[in-house]
Amino acid sequence: MKLIFISGGVISGIGKGISAASIGLLLEKHSLKVSFLKCDPYINIDAGTMNPVEHGEVFVTDDGYEMDMDAGHYERFMDITISHKNSITTGQIYSQVIQNERNLKYDGACVEVIPHVRDEIIRRIKEAYKGSDLLIIEIGGTIGEYQNDIYYEAERYLKQILKDDLVHIHISYLPIPSSIGEMKTKPTQQSVILLNQRGIFPNIIIGRSQEHIDTPRRKKIAIATNVSDENIFSNMDVSSIYKVPIQFYDQKLDLKILELLNIKGKKINFEDWENFVSKIESKPKSILNIGIVSKYHNSGKFSLEDSYVSVIESIKIACWESGVGFNIIWVDSENIDEKELEKCDSFIVPGGFGTRGIEGKIKAIQYARENKKPYLGLCLGMQLAAVEFARNVCGIKDATSEEIDIKSKNKIIHIMPDQEKKLLNKDYGASMRLGLWECVLDKKSRAYKAYKKDVIKERHRHRYEFNNDYKEIFESKGMLFSGRSPEGELVEIMELKEHPFFIGVQFHPEFKTRPLIPHPLFLEFILSTIKNNGTI
Ligand code: GLN
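Presented here is an overview of the structure given in this document. Values in this document were obtained by computation on a predicted structure and should not be read as measured data.

Before going further, it helps to examine the site of the ligand. The full set of residues close to the ligand is Gly351, Gly352, Phe353, Cys379, Leu380, Gln383, Glu403, Arg461, His462, Arg463, Tyr464 and His508. Arg461 is positioned with one of its backbone polar atoms (N or O) 2.8 Å from a nitrogen atom of the ligand. Backbone polar atom of Tyr464 to an oxygen atom of the ligand: 2.9 Å apart, as the coordinates give it. Here the ligand loses 99% of its free accessible area of 300 Å² to cover by the protein chains.

Written as structure tokens, this is what we have:
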């Protein structure tokens, strides 16, 4: 086995996921099959039950696993498909160990954190490694936190066996306090001491900062940490995350890792990625104002974009491909301001749960429909487009979704039959309609024009669906049900015929965007926005 462990120091949100994905991309260019494993120290079984404002987007994989947003970075940077095998949480590890104990798998031993919990982590590492040349293991959280210690212990133990086949990369923060005006290395020195206390001696340090690390500071870090100065790399703040692999490539980080792992490197061809990045840098023909109507972005004084990372990346990638710039306008669904809506060239209502902010989203959808502004509804965004259409076009004034009002007479969106029992039993974890499902497209539709395929496969995460009792009235008023499940029962896409672009999808196309392959639906949405603005 050849393993790369990645840890973070000093602060959270330092970009371990982006660095891991960038390193993966570079190593893959050396013709290595690279896999990932994210170790999340929380007790949750998966990220599915977490509040996105606190933890960021819940990313859904093809196999229906609900993982944290790093999965999205791995998939997008590497153009790979992540599965449940690529992620472990402390909750999964403990529940497996407890189940083993109940099944007498430990032959009556006293079950303990060491060796049993540690060994279950190692078993999962081996499982994730299977079929690859190299496994990148990202340990979630920051060194020094009580809850991730067991992962470092598993690594320490593995190092005794694997020796030079295990490399540790520590990503740390180097602040430049404005009052001091100098890059300070002490927090990094201290975070390496925390690693050392756990028996981990990093091979490489990557310093995240506003600036490149200069020679005097590189020397300081080297002396204090025993990491030679040629193994200290910079991860300077860049205008786009997609520039990080180039930054690492320029510093020959890939060659250093390969040298440490005794793998022969080769001259790599990085042109496709560089071409993509040059699109990011080229001067845009115009700037689009894209409104995202949401409730998961407010956090005190700050607007957090992490809850919608894949949606935002999908917009950006489609804009770069189309040669335009973008300005995302966060429209607060709990506090809709007509003036704010007027500023937007097009709208997206992304996925969501619960009743908070629902009426605001419906108002924004009505605005987009009536003012002929391009609209893309993602999952909840499709469901609410149906409610809005029922109320304001079909004249069903009390139209709603069962998620909003269970007692209503006109539930345009209703619970899926197999979901009802799950909710009654409070079986909320990993129990939605999840993962990849097929959808058959209507050849005369806008959706078909975008995808150019009869059958598509997209990822889902929902409990409610369109109520087919209302199909006829919708169709008579100009709605086209352009995507349906292969058995024909479930509405997966609906679109308005007489509108520049008004499409709602029951799935989450944003999870399948790739930097080099923009998602067709987002691309069509952006092209319509450009056309609608008269720019092209
Ligand atoms: N809350 C809705 C449902 O469960 C929509 C979910 C979503 O947007 N992902 O059906």
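As a further point, take the sheet that holds strand E18 (residues 433–441). The 9 strands lie next to each other as E13-E10-E14-E15-E23-E22-E21-E18-E19, forming an open sheet whose pairing is mixed. Pairing within the sheet leaves two strands with one partner each, and these edge strands are strand E13 (325–332) and strand E19 (455–462). Neighbouring strand axes in the sheet, compared pairwise and without regard to direction, differ in orientation by 25° on average. With 3 bridges joining them, strand E22 (residues 491–496) and strand E23 (residues 502–505) adopt antiparallel strand pairing.

Bringing the packing of helix H12 (residues 309–322) against helix H19 (residues 520–532) into the picture now. Contact geometry of H12 with H19 gives a least axis separation of 9 Å together with a crossing angle of 60°. As summarised for this structure, H12 and H19 are arranged oblique, according to the angle between their axes. Here H12 runs over H19; the crossing is right-handed. For the pair H12 and H19, the contacting residues are Val311, Ser314, Ile315, Ala318, Cys319, Glu321 and Ser322 in the first and Phe522, Leu523, Ile526, Leu527 and Ile530 in the second. The class makeup of the residues in the contact of H12 with H19 is 9 nonpolar, 2 polar and 1 charged.

Positionally, Ile287 belongs in strand E10 (residues 287–294). Taking C-alpha positions, Ile287 is 9.2 Å from Cys319, a pair spaced 32 residues apart along the chain. Excluding residues within four positions of it along the chain, Ile287 makes contact with Gly325, Phe326, Asn327 and Asp345.

This part takes up the packing of aromatic side chains. Any pair of aromatic rings gets described here by the distance separating the centres and the angle formed by the planes. Under the defined criterion, the tally for this structure stands at 19 aromatic pairs. Centroid distance Tyr242 to Phe276: 5.2 Å. Interplanar angle 75°. Geometry classified as edge-to-face. Within this pair, whereas Tyr242 is found in the loop between strand E9 (232–236) and helix H9 (244–250), its partner Phe276 is found in helix H11 (residues 271–281), the two being separated by 34 residues in sequence. As far as the burial class goes, Tyr242 and Phe276 line up, both buried. Seen from their ring centres, Phe389 and Phe474 are 5.0 Å apart, and the 55° between their planes marks the pair as tilted.

Turning to the nonpolar core, a few remarks are in order. Counting residues in hydrophobic clusters, the biggest one holds 49 residues, and the most contacted among them are Ile23 and Ile169. Among the nonpolar cores identified, the runner-up in size contains 38 residues, and Leu380, Ala385, Ile396 and Val491 belong to it.

Moving on, we come to the sheet that holds strand E6 (residues 134–139). With respect to topology, 7 strands assemble into an open sheet ordered E5-E2-E6-E1-E7-E8-E9, the strand pairing being parallel. In this open sheet, the two strands that pair with only one neighbour each are strand E5 (87–89) and E9. Pairwise comparison of adjacent strand axes, ignoring direction, gives a mean angle of 20° for this sheet. Sheet topology note: the strand E8 (residues 204–209)/E9 ladder contains 5 bridges and is parallel. Along E9, the bridge assignment pairs Ile206 with Phe233. The sheet strands contacting helix H8 (residues 215–225) are E8 and E9, and the helix crosses E9 at an angle near 130°.

Turning our eyes to something else, we now look at H8. Every α-helical turn comprises 3.6 residues, leaving residues that sit three or four positions apart pointing alike. Listed in full, the buried residues belonging to H8 are Arg217, Arg218, Ile221, Ala222 and Thr225. What you see down the axis of H8 is that its buried residues fit within an arc of 140°, all on one side. Considering only its buried residues, H8 is in contact with helix H7 (186–197), E8 and E9. At the C-terminal side of H8, Asn226 shows a positive phi close to 70°.

Before going further, it helps to spend a moment on the layout of surface pockets. By volume, the largest pocket is sized at about 1300 Å³. Secondary-structure elements contributing two or more residues to the lining of the largest pocket are helix H1 (16–28), strand E2 (34–40), helix H2 (52–55), helix H3 (70–78), E8, E9 and H12. Its residues assigned to classes, the lining of the largest pocket comprises 17 nonpolar, 16 polar and 14 charged.

About the criteria used
- Residues numbered from 1 in each chain as written.
- Predicted model: local features only at pLDDT ≥ 70, side-chain atom pairs only at ≥ 80, totals over all residues.
- Heavy atoms only, no water.
- Near = heavy atom within 4 Å.
- Polar contact = N/O pair within 3.5 Å; in protein donor to acceptor, adjacent residues only side chain to side chain.
- Areas by Shrake-Rupley, 256 points an atom, 1.4 Å probe, with all protein chains shown as cover.
- Pairing = 2+ DSSP bridges.
- Helix = DSSP H or I, 4+ residues; strand = E, 2+ residues; numbered from the N terminus.
- Axes fitted to C-alpha atoms, helices over the stretch in contact; angles between N-to-C directions.
- Parallel < 35°, antiparallel > 145°, perpendicular 65-115°, else oblique.
- Left-handed = near helix turned anticlockwise from the far one by under 90°.
- Contact = heavy atoms within 4.5 Å.
- Nonpolar A, V, L, I, M, F, W, Y, C, P; charged D, E, K, R; others polar.
- Phe/Tyr/Trp six-rings, centres within 6.5 Å; stacked < 30°, edge-to-face > 60°.
- Buried < 20%, exposed > 50% of the residue type's maximum accessible area, 1.4 Å probe, protein only.
- Core = buried A, V, L, I, M, F, W, Y, C linked by side-chain atoms within 4.5 Å.
- Arc of directions from axis to C-beta.
- 1 Å grid on protein atoms, 1.4 Å probe; cavity = no way out; pocket = protein on both sides within 12 Å on 5 of 7 lines; lining within 4 Å.
- Points joined across faces, edges and corners; volume = space filled by probe spheres on them.

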